[in-house]
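Residues per chain are reported as follows:
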Amino acid sequence: MDVEERRYGKAVTTVSGFDVPESTTESLASSLKSSLATGGTVDDDTIELQGDHRDRLPELLQEHGYDSVS
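Residues numbered from 1 in each chain as written. Predicted model: local features only at pLDDT ≥ 70, side-chain atom pairs only at ≥ 80, totals over all residues. Heavy atoms only, no water.

A. Broad picture of a negative patch on the surface. Taken together, the side chains of Glu22, Glu26, Asp43, Asp44 and Asp45 make up a negatively charged region of the molecular surface. Tracing the chain through its elements places Glu26 in helix H1 (residues 22-36). (Patch = residues over 30% accessible without salt bridge, like charges linked within 9 Å, V, L, I, M, F, W, Y side chains within 5 Å. Areas by Shrake-Rupley, 256 points an atom, 1.4 Å probe, with all protein chains shown as cover. Salt bridge = Lys/Arg side-chain N within 4 Å of Asp/Glu carboxyl O. Lys, Arg positive; Asp, Glu negative; His and termini not counted. Charge placed at Lys NZ, Arg CZ, Asp CG, Glu CD. Helix = DSSP H or I, 4+ residues; strand = E, 2+ residues; numbered from the N terminus.)

B. The packing of aromatic side chains, seen in detail. Tallying each qualifying case throughout the model produces 1 aromatic pair. Taken together, a centroid distance of 5.2 Å and an interplanar angle of 85° make the contact between Phe18 and Tyr66 edge-to-face. Within this pair, whereas Phe18 is found in the loop between strand E2 (11-15) and H1, its partner Tyr66 is found in the segment after helix H2 (57-63), the two being separated by 48 residues in sequence. Residue Phe18 is classed as buried on the basis of its relative accessible area of 10%. (Phe/Tyr/Trp six-rings, centres within 6.5 Å; stacked < 30°, edge-to-face > 60°. Buried < 20%, exposed > 50% of the residue type's maximum accessible area, 1.4 Å probe, protein only.)

C. Up close: the pattern of salt bridges. Inspection of the entire model under this criterion finds 3 salt bridges. Measuring nitrogen to oxygen at the nearest pair gives 2.8 Å for the salt bridge that ties Arg54 to Asp52. A residue is classified by how much of its surface remains accessible, and Arg54, at 47% relative accessible area, is partly exposed. Taken together, the shared-partner salt bridges connect Glu4, Arg6 and Glu48 into one network.

D. Geometry of unusual backbone geometry. Even without being glycine, Tyr8 reaches a positive phi, approximately 60°. Within the secondary structure, Tyr8 sits in the loop between strand E1 (2-5) and E2. One non-glycine residue, Asp44, adopts positive backbone phi at about 55°. Topologically, Asp44 is positioned in the loop between strand E3 (40-43) and strand E4 (46-50). The class of Asp44 is exposed, set by a relative accessible area of 69%.

Structure below.
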């Protein structure tokens, strides 16, 4: 899990390391976006969420059954 700075100084949280089908990653991204009330996308098996969500993401990922992701 990383936070990158994109255009205009906006933060983007990226989560990768999933060993699941793309449809599962898309579904997880949709659920995370809803839980965090933010936008985002999936790009090359990496979930990108608008904003800095390092504080809440570990808990949300554990709720979905993911213990260690990068």
